[in-house]
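Chain by chain, the residues run as shown.
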Amino acid sequence: MNQTQYELNKGLAQMLKGGVIMDVTTPEQAKIAEEAGACAVMALERIPADIRAAGGVSRMSDPKMIKGIQAAVSIPVMAKCRIGHFVEAQVLQAIEIDYIDESEVLSPADDVYHIDKTAFQVPFVCGARDLGEALRRISEGAAMIRTKGEPGTGDVVQAVRHMRKMNAQIRQLVSMKQDELFEAAKQLQVPYELALYVHENQKLPVVNFAAGGVATPADAALMMQLGAEGVFVGSGIFKSGNPAKRAAAIVQAVTNYTDAALIARLSEDLGEAMVGINPNEIKLIMEERGQ
Amino acid sequence: MKIGVLALQGAFIEHENMLTDIGTVCTEVRQVSDLQGLDGIVLPGGESTVQGQLLQKSGLLAPLWDLIAGGLPTLATCAGLILLAQKIKDSPVTHLGTLPVTIKRNAYGRQLSSFVTEEPVKGIGNFSMVFIRAPYIEHADMDVEILAKVDGKIVAVKYGNQIGLSFHPELSGNPKIHKWFLSLCEKRLDVYPLHHT
């Protein structure tokens, strides 16, 4: 990937800001998501809650299924590959996916190395729990970051924890003297240049979305007020009682994230939210994958 | 002068940063009350389907149409240009429809086809144009002024006080187009002095 392509890829993420990216498993769901105001869809065979329930090894989706979703909507289509599985990423690039999510939701294919994302033309988004993980993914070529949260739980607590931690660490870097950044970069296990960027610009060099456990308009607005630039909603929509209405409400809550009166109205009569499980009840902790 | 930036979804902060850097006061437009006292408005890039729906749900569509049709200087980039277009190819939907052009969405294809090129813009000179899943104008009415073409496709137009661009000047690092837009906003003060009373 040359520098121009990387800037274009970061630019696409900038266009997605203030928007909601929704997990969909069929062309019909993709259309519902688009009509509800999704700024992009994530095409996958099973949403995280079902991946959790099914167990076993979870892989990249069938390209035919992804192509069906690409044909159904005009908004950008993303798809997930396993951490470190650069051939799945090559396959997704070959079908001209708009964004690849190298995702901890799928079973990792490599327990040491992430994909060298600089070797691709297509942009990547990666999950992160803290500033170190985020900057390591960016140094590998990620053009967008999202919190990991804990996917498929409907519990927003980890997404909140990750967003707060990342922002606290950014503030720490910003407040340091420049000669302290060398040691900070070493401790964060990140390249000095990226630590310096954060110190000077008070933000990540790429767009940062919230993901993992967002289930309600208030959850989405919470993540926005905590500093997210947009929101991924996975299981929260199509595991709920009225997906179209909930999806549209979350979209409006992300735009108007400080307007509590509007969020109150949006939260009325949404039907049942996804049931949700809390992290103490689950055995598989996806956020620990790929550090 | 006060310039509004439509902040429903997309890359609105990039426009605000560029306008602020050249010394302009910006305000984010999310609801009808935000339209008060604007001297110009920017419609940013993003996803036009999302922005179009949010224009309706927020009640902004009709009052914004009134303002733009009434001559409020408007700078529309990428998705913003789609909002302005009178016709969207292969779609029954239109949004503001104040600019008499037919636009083709995702005209260059998917993200792998996004590109940067340097071409002349009328009155501005050579400009580094950033195209991201961009549209182009397939047809423009006779009275629409064509400002730039890339490979024979129309990518920049002016019609009255509306400027429509397929590309993203807010990502180019070059404020020339924004400065030109501001001069248009200032000129309008002369043309419509009653606007401010």
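A brief look at the structure comes next.

Scoring rules and cut-offs
Residues numbered from 1 in each chain as written. Chains lettered and ligands numbered in written order. Predicted model: local features only at pLDDT ≥ 70, side-chain atom pairs only at ≥ 80, totals over all residues. Heavy atoms only, no water. Axes fitted to C-alpha atoms, helices over the stretch in contact; angles between N-to-C directions. Helix = DSSP H or I, 4+ residues; strand = E, 2+ residues; numbered from the N terminus. Parallel < 35°, antiparallel > 145°, perpendicular 65-115°, else oblique. Left-handed = near helix turned anticlockwise from the far one by under 90°. Contact = heavy atoms within 4.5 Å. Nonpolar A, V, L, I, M, F, W, Y, C, P; charged D, E, K, R; others polar. Buried area = accessible area lost by both parts, 1.4 Å probe. Salt bridge = Lys/Arg side-chain N within 4 Å of Asp/Glu carboxyl O. Polar contact = N/O pair within 3.5 Å; in protein donor to acceptor, adjacent residues only side chain to side chain. Buried < 20%, exposed > 50% of the residue type's maximum accessible area, 1.4 Å probe, protein only. Arc of directions from axis to C-beta.

## Digging into the packing of helix α10 (residues 217–225) of chain A against helix α12 (residues 243–255) of chain A
All names here are of chain A.
Line of reasoning, step 1. Relative to each other, α10 and α12 sit at 25 degrees, their axes nearing to 8 Å. Accordingly, the angle class assigned to the pair α10 and α12 is roughly parallel. Judged by the sense of rotation from one axis to the other, the crossing of α10 with α12 is right-handed. From α10, P217, A220, A221 and M224 reach across to α12, where they touch A249, I250, A253 and V254.
Line of reasoning, step 2. Here the residues of the contact of α10 with α12 sort into eight nonpolar, no polar and no charged.

## Considering the interface of chain A and chain B
Line of reasoning, step 1. Residue-level contacts link 36 residues of chain A with 32 residues of chain B.
Line of reasoning, step 2. Buried surface at the junction of chain A and chain B, both sides included, amounts to about 2600 Å², of which 54% is carbon and sulfur.
Line of reasoning, step 3. A per-residue breakdown of the area chain A buries against chain B is headed by A:L8, A:M15 and A:T255, which together make up 26% of the total.
Line of reasoning, step 4. Here B:E14 makes a salt bridge to A:K17, at a shortest N to O gap of 2.5 Å.
Line of reasoning, step 5. Where chain A touches chain B, the interface holds 20 residue pairs in polar contact (both at pLDDT 80 or more).
Line of reasoning, step 6. Elements with a contribution of two residues or more to the side of chain A that touches chain B: α1 (3–16), α2 (27–36) and α12 of chain A.
Line of reasoning, step 7. With nine residues, α1(A) is the largest single contributor of residues to the side of chain A that touches chain B.
Line of reasoning, step 8. Its residues assigned to classes, the side of chain A that touches chain B shows 15 nonpolar, 15 polar and six charged.

## So, α2(A)
Line of reasoning, step 1. Residues of α2(A) that are buried: A:Q29, A:A30, A:A33, A:E34 and A:A36. Looking straight down α2(A), one finds its buried side chains confined to an arc of 165 degrees; they lie on one side. Exposed and facing more than 90 degrees away from the buried side of α2(A) are A:E28 and A:E35.
Line of reasoning, step 2. Against the buried residues of α2(A) lie β1 (20–24), β2 (40–43), α4 (63–72), α11 (235–238) and α12 of chain A together with α2 (48–57) of chain B.
Line of reasoning, step 3. Count one or two residues on from α2(A) and you reach A:G37, which has phi positive near 110 degrees.

Keep in mind these values describe shape, not function.
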